[in-house]
Amino acid sequence: MKWPSVWPTGLLALLIAVLDSHWSPAPVHALPGPAAWTNGRKLAVREQVRDLWHHGYDQYMKFGVYILIPFLNRVAFPLDELAPLSCTGRGPNWLNPADIATNDVAGNFSLTLVDVLDTFVVLNDPPGFEDAVRKVIRWVSFDVNTKPQVFETTIRMLGGLLSGHIFAEKSGQPFHLPWYQGELLRLAHDLGVRLLPAFHTLTGMPYARINLRHGVPKGESTDTCTAGAGSLLLEFGTLSRLTGDDRFEKAAYKAYFALWNRRSDIGLVGNTINIITGAWTHPEVNGIGAGIDSFYEYALKWYIMSGEMEFLDVWQDSYASVMRYSRASDGYWYRNVNIHSGDAQYSSVDSLSAFWPGLQVLGGDVENAVKSHLIYYNLWRGFGGLPEVWDMNFRQATSFQYPLRPEFVESTWYLYRATRDPFYLDIGERILHDISVRAKVDCGLSGINDLRTNGRDDRMESFVLSETLKYLYLLFDEDNPLHADDSHWVFTTEGHILTLDHSLLRPISPARRKLRRVESLECPAYSSPVLAYDDPHDYSRDSGLTGSITTRGDFEYARQLVGRVASENETRWWDPDGWCVLPKHEQYTYDFVLSAHGEVALEDPSPSADKLVPVADGYLVHNVTGIRVHIVSRLDGKGYDIAKLGPYAVKTGQKIYFNDSQLVLAPLGIQSGSPANPRTPEVQLRLYLDYVDPLLQLQGPGMHDVITEIVIPAATAMFAGDPAAPSSQGEHPLRFGHGDGVHVVRASDNPLGCAPYMEDLDGAAVVVTRGECTFLEKLIFAQDAGASGVVVLGNEEQHINPSADADELADAGPGINEVAIVVLRQADAQLVADMLDSVEHYGLGEIRLVVEPLDGGHVGANQPADEHRGEDVGRAKSEDPPRVLYLNNHPLINTRLLV
């Protein structure tokens, strides 16, 4: 078993996620390291969450009927929220209409009661659900003289009513209520009708607030945020589908695309906008947190619910732009950037953005979700809660409140479901501990005004019961029916469970299906970090000893990034000889204007059919010159896909076929339109066993399976010597693979070829595994040891033609042209590895490598071939993988080269 080179053995012990924090005035002591997460332990923690939830809900129902300030208006029963310190209810601030922090949410309509309806479903409490439904039907009315926020009222009240209706009405499940006659849906429709006047604007974007009795007041603000105007479609669309009244879905649809169609040239929407003029307001910034967050969420989730493909397109395009411009250079956190230039504007991270890792999981990008989640995890570890605003540059909080928000818990649940890594259960237990110790009071659960002093807020927001504790409960409830339901249900941004019956789905029209042609949508499965590989020579196979998130080489980097001081339980696992990986990532998207020979070409914005035509499963390109392509990183990490080709959007699963005969592989430095020194993109290598004694060597047990000769294709590089270059006066400028061939060796102590060799390689071709360092570095180390070239065992099924920067080649010097490097695809690399294993195991002499002539020359009489391996040679030749296009060394997986 081989340890990966990025992991010193001193760090291989699993790091324990400890429970410590910095808020307590007493000295901080970590809780004992957690035991194994048995089913019994999970159930025990789950029941602790249930008890905490009921403590909050029961106190709300007990004390939420009292209020300290009398007034003449009708009072909802119970009131909207609980004031847990004063043991009273909270409703609108009737004395101060400008108190939007309260009045945007509290509309005098029993907010918390409605918001928690489907939490009873998650808790598997049918009697509690029925009781709450009866109370809502009896007490809730929207004929109230209040002016709540359209967004908050939609996600909390409308979403709660719709979710409650879906479960109350659906037969064949425990929450069906036989006596129920659609009362919740009628309430939802009444509320929807009262909200519709907010959408009566020139742009279709709604006013931020509306009076539920009198409509939009004169002089109401015309500014709104993108999330507020663009996160209504799940609730409004569901309301339309369930009632048959399409006004709601049309209004939310129009508002959503009114925002999206105003995105900048680089694909970013702003934070705030004027609903009358449609202009983004100062400072025109984009991020993933407050003001924009759920705009992205509703694109992906409405696609999941409804199957409407244009929302998948919005999600993919917006995600690509965020990952290119907003994501920081290390790939772990997300900045606020200017929507036109992509330049960073602010380095603050707000607590609402903690939802992002969960959305990344839902979108299939688990690897990046793990990274972004580590930032919030370390912030929680440092404060025993998540501060409202954190400055990444100064490594300090600028707002210390924590109103028990759900976003971090939500993302933790998503990541556990995707990875099943117990690390996330440890986090959940830590969250439960901190909330129980810090926020639980006699009359409910209080928000935290200051995480440093644990100053409490006399308010229990409705999302504490509708989201925070709901997700925390689900984290430990492995057998919850929701986890086994693979239908198209989603959690809204308020944590409400919404779904559409198949009868309510709208099939894609024949015209749209023809336009989109073939599509294939799938996400890569998560793989745990490999600590030690079964095969010491093959790192491409993810088999061996695997570890937790805490064993990642970049785990400590996230802690250092936020400046959190390591706890004693963490440092005791450190090793003086250990190190941490400094992460780096490739840019998420690129834009190129193509040309056949690498020269600068003018863009052709409307390529004719002579250049580019649609075909059944994608597009066919006859002439690449001037065609702009937009390439986007694949979620499986295996390269890039072309997402836009000239004027066309390329859908997932479609292929782009390149049939331009002018495409050549040119060495670095060719800048003109003349392919003066084109290179052949691949050569044929023949590797054969040069027996010590051909009559005796293959007689032992198992030796009849030994591979003695193979002919395989190998990709050439765009730098160094060209193994396919013609000979001059009978002599070839390279030793690599010419003449009688060269000896093939493998250094067991340097399998990646990323360190100096300890022995003289004496003209041999050295076999190395791809990874850790650049192709040029592998070649330099080999040349310094006297090798004639390098054969890289690739880990992809496509060929890759290595390239290098001009500055790097200048540093390497002209001598680099005396050696060559080639790369094998994964299947061929395995044949070579097997051949080397057999030679080393049985002591069969040496393997020699010959570069076959371009005219397809055959094996000479003095070069023995094994008749028993003929089918291996034929298989290697006949099973050529599809050849793909490479741009700047990036494989474009959805392309196919026909030339």
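Residues numbered from 1 in each chain as written. Predicted model: local features only at pLDDT ≥ 70, side-chain atom pairs only at ≥ 80, totals over all residues. Heavy atoms only, no water.

**Student:** Help me understand the overall build of the protein, please; the structure alone is not making it clear to me.
**Tutor:** Helix and strand counts for the protein stand at 25 helices and 35 strands. Counting every position in the protein, which comprises 899 residues, the buried fraction comes to 58%. Restricting to contacts in the protein with at least 6 residues of sequence separation, those with at least 24 account for 72%. Accessible area for the protein stands at about 36800 Å²; split by element, carbon and sulfur atoms hold 52% of it. (Helix = DSSP H or I, 4+ residues; strand = E, 2+ residues; numbered from the N terminus. Buried < 20%, exposed > 50% of the residue type's maximum accessible area, 1.4 Å probe, protein only. Contact = heavy atoms within 4.5 Å. Areas by Shrake-Rupley, 256 points an atom, 1.4 Å probe, with all protein chains shown as cover.)

**Student:** Sorry if this is basic, but what is going on with the pattern of salt bridges here?
**Tutor:** Pairs can form between side chains of opposite charge whenever their charged atoms are close. What the rule picks out here adds up to 45 salt bridges. With a shortest N-O distance of 2.6 Å, Asp104 and Arg209 are connected by a salt bridge. Taken together, the residues Asp104 in the loop between α2 (100–103) and α3 (111–115) and Arg209 in the loop between α7 (183–195) and β3 (223–225) connect sequence positions 105 residues apart. Arg209 shares its class with Asp104; the two are buried. Across the salt bridge formed by Lys651 and Asp313, the nearest N and O atoms sit 3.1 Å from each other. Note that Lys651 is positioned in the loop between β24 (648–649) and β25 (655–658) and Asp313 in helix α12 (residues 309–326), a separation of 338 residues in sequence. (Salt bridge = Lys/Arg side-chain N within 4 Å of Asp/Glu carboxyl O.)

**Student:** Teacher, can you tell me more about the packing of aromatic side chains here?
**Tutor:** For any pair of aromatic rings, geometry is given as the distance between the ring centres together with the angle between the planes. Taken as a whole and judged by the stated rule, the model has 41 aromatic pairs. For the ring pair Phe109 and Phe142, a centre distance of 5.9 Å and an interplane angle of 65° mean the geometry is edge-to-face. Within this pair, whereas Phe109 is found in the loop between α2 and α3, its partner Phe142 is found in the loop between α5 (126–139) and α6 (150–169), the two being separated by 33 residues in sequence. Residue classification places Phe109 among the buried residues on the basis of a relative accessible area of 1%. By relative accessible area, Phe142 is classed as buried at 0%. Here a set of aromatic residues connected by ring pairs shows up, and it is made of Tyr253, Tyr256, Phe257, Phe295, Tyr296, Phe311, Trp315, Tyr319, Tyr334, Phe355, Trp356 and Tyr588. Stacked on the ring of Trp37, the Lys or Arg Arg41 has its end atom at 3.5 Å from the ring centre. Between Arg452 and the ring centre of Phe400, over which it is positioned, the NZ or CZ distance is 3.7 Å. (Phe/Tyr/Trp six-rings, centres within 6.5 Å; stacked < 30°, edge-to-face > 60°. Lys NZ or Arg CZ within 6 Å of the ring centre and 35° of its normal.)

**Student:** Quick question: what am I supposed to make of the sheet that holds strand β35 (residues 895–897) here?
**Tutor:** The strands making up a sheet associate through backbone hydrogen bonding, with each pair oriented either parallel or antiparallel. Pairing in this open sheet of four strands is mixed, and the strands run β20-β21-β25-β35 from one edge to the other. The open sheet is flanked by β20 (612–615) and β35, the only strands paired with a single partner. If you compare each strand with its neighbour and ignore which way they point, the axes differ by 20° on average. (Pairing = 2+ DSSP bridges. Axes fitted to C-alpha atoms, helices over the stretch in contact; angles between N-to-C directions.)

**Student:** Even after reading the chapter, I still don't get the packing of α6 against helix α9 (residues 233–243), so can you show me in this structure?
**Tutor:** Relative orientation and spacing of two packed helices are given, respectively, by the angle between their axes and the distance between those axes. Contact pair α6 / α9: the axes reach a minimum separation of 10 Å and the direction vectors enclose 40°. Crossing hand, α6 versus α9: left-handed. Of the residues in α9, those touching α6 at Thr154, Ile155, Leu158, Gly159, Leu162, His165 and Ile166 are Glu235, Phe236, Thr238, Leu239 and Leu242. Per-class residue counts for the contact of α6 with α9 are seven nonpolar, four polar and one charged. (Left-handed = near helix turned anticlockwise from the far one by under 90°. Nonpolar A, V, L, I, M, F, W, Y, C, P; charged D, E, K, R; others polar.)

**Student:** What should I look at first to understand the packing of helix α14 (residues 366–383) against helix α20 (residues 555–562) in this one?
**Tutor:** Where α14 meets α20, the closest approach of the two axes is 9 Å, and the angle between their N-to-C directions is 60°. In terms of their interaxial angle, α14 and α20 are classed as oblique. When the axes of α14 and α20 are compared, the crossing they make is right-handed. Between α14, through Leu374, Ile375, Tyr377, Asn378 and Leu379, and α20, the contact on the second element is made entirely by Phe555, Ala558, Arg559, Leu561 and Val562. A class-by-class count of the residues in the contact of α14 with α20 yields eight nonpolar, one polar and one charged. (Parallel < 35°, antiparallel > 145°, perpendicular 65-115°, else oblique.)

**Student:** I would appreciate a short explanation of the environment of Leu885 in the present structure.
**Tutor:** Relative to the assigned elements, Leu885 resides in strand β33 (residues 885–887). Leu885 gets classed as buried once you look at its relative accessible area, which sits at 11%. If sequence neighbours within four positions are ignored, Leu885 has contacts with Phe658, His890, Pro891, Leu892, Thr895 and Leu897.

**Student:** Can you walk me through the sheet that holds strand β7 (residues 344–346) in this structure?
**Tutor:** With antiparallel pairing, three strands are arranged side by side in an open sheet as β5-β6-β7. On the outer flanks of this sheet lie β5 (285–286) and β7, each paired with one strand and no other. As defined by bridge partners, strand β6 (residues 336–338) adjoins β7 across two bridges and the pair is classed as antiparallel. Residue pairing in the sheet places Asn336 in a bridge with Tyr346 of β7.

**Student:** Is there a simple way to explain the state of the cysteines in this structure?
**Tutor:** In protein chemistry, a disulfide is the covalent bond that joins the sulfur atoms of two cysteines. Under the definition given, this model contains two disulfides. Disulfide partner of Cys87: Cys443, at an S-S distance of 1.9 Å. Classification of the bridge connecting Cys87 and Cys443 rests on its S-S torsion, roughly 85°, and on that basis the disulfide is right-handed. Here Cys443 lies in the loop between β11 (440–441) and β12 (444–445) and Cys87 lies in the loop between β1 (81–83) and β2 (88–90), a separation of 356 residues in the sequence. Cys87 gets classed as partly exposed once you look at its relative accessible area, which sits at 24%. Here Cys754 engages in a disulfide with Cys773; their sulfurs sit 2.0 Å apart. What sets the handedness of the Cys754 and Cys773 disulfide is the S-S torsion sign, and at about -80° it is left-handed. Of this pair, Cys754 sits in the loop between β28 (742–745) and β29 (765–769) while Cys773 sits in the loop between β29 and α22 (775–784), and the two are 19 residues apart along the sequence. Exposure class is identical for Cys754 and Cys773. Each is buried. (Disulfide = S-S within 2.5 Å.)

**Student:** What is the right way to read the pairing of strand β13 (residues 447–450) from this model?
**Tutor:** Note on strand geometry: in a regular strand, side chains alternate between the two faces of the sheet. As paired elements, β13 and strand β14 (residues 455–457) share three bridges and run antiparallel to each other. The residue of β14 that forms the bridge with Ile448 is Arg456. Following β13, the chain reverses through four residues before pairing antiparallel with β14; Asn454 in that reversal takes a positive phi of roughly 65°.

**Student:** Can you help me understand α7 in this one?
**Tutor:** Along an α-helix, residues three or four apart share an orientation, since each turn contains 3.6 residues. The end-to-end C-alpha distance of α7 is 19 Å, a good match for the 18 Å that 13 residues give at a rise of 1.5 Å each. On the buried face of α7, the contacting elements are α5, α6, α9 and α10 (247–260). (Expected span 1.5 Å × (residues − 1).)

**Student:** Hey, could you run me through the side chain of Asp365 in this one?
**Tutor:** By the secondary structure assignment, Asp365 is in the loop between α13 (356–362) and α14. Engagement of the side chain of Asp365 in a polar contact is seen with the side chain of Tyr319, the distance being 2.6 Å. Setting aside residues up to four positions removed in sequence, Asp365 forms contacts with Tyr319, Met323, Gln360, Tyr588 and Leu635. (Polar contact = N/O pair within 3.5 Å; in protein donor to acceptor, adjacent residues only side chain to side chain.)

**Student:** Honestly, helix α15 (residues 407–419) in this entry has me stumped. Any pointers?
**Tutor:** The end-to-end C-alpha distance of α15, which contains 13 residues, comes to 18 Å, matching closely the 18 Å that a straight helix rising 1.5 Å per residue would cover. For α15, the buried fraction is high: 12 of the 13 residues fall into the buried class. For α15, every residue scored as buried is listed here: Glu407, Phe408, Val409, Glu410, Ser411, Thr412, Trp413, Tyr414, Leu415, Tyr416, Arg417 and Thr419. One or two steps after α15, the chain reaches Arg420, where phi turns positive at roughly 55°.

**Student:** Would you mind going over the pairing of strand β23 (residues 640–645) with me for this structure?
**Tutor:** Sheet topology places strand β22 (residues 628–633) next to β23; five bridges connect them, and they run antiparallel. Paired with Val632 across the strands is Asp641, a residue of β23. From the end of β22 to the start of β23, which pair antiparallel, there are six residues, and Gly637 there has a positive phi angle of about 75°. Bridge count between β23 and β24: two bridges; the pairing is antiparallel. Bridging across to β24, Leu645 finds its partner in Tyr648. In sequence, β23 turns back onto β24 through a hairpin of two residues, with Gly646 there showing a positive phi of about 60°.

**Student:** What is the right way to look at the side chain of Ser306 in this model?
**Tutor:** Along the polypeptide, Ser306 turns up in helix α11 (residues 293–306). According to the relative accessible area criterion, Ser306 is buried, its value standing at 5%. Within the structure, the side chain of Ser306 is placed 2.7 Å from the backbone oxygen of Trp302, a separation counted as a polar contact. At a separation of 3.2 Å, a polar atom in the side chain of Ser306 contacts the main-chain amide nitrogen of Glu308.

**Student:** Any chance you could explain the confidence of the model for the protein here in plain terms?
**Tutor:** Segments scoring low in pLDDT should not have their predicted coordinates read at a detailed level. Across the protein, the average pLDDT comes to 86, with 86% of residues at or above 70. For residues 668–676, every residue scores under 50 in pLDDT, and the model assigns this stretch 15 contacts once sequence neighbours within four places are set aside. (pLDDT = per-residue confidence, 0-100.)

**Student:** I would appreciate a short explanation of a negative patch on the surface in the present structure.
**Tutor:** A surface patch of like charges, here negative, comprises Glu777, Asp805, Asp807, Glu808 and Asp811. The element best represented in the negative patch is helix α23 (residues 806–812), accounting for three residues. Topologically, Glu808 is positioned in helix α23. You can call Glu808 partly exposed: its relative accessible area is 34%. (Patch = residues over 30% accessible without salt bridge, like charges linked within 9 Å, V, L, I, M, F, W, Y side chains within 5 Å. Lys, Arg positive; Asp, Glu negative; His and termini not counted. Charge placed at Lys NZ, Arg CZ, Asp CG, Glu CD.)

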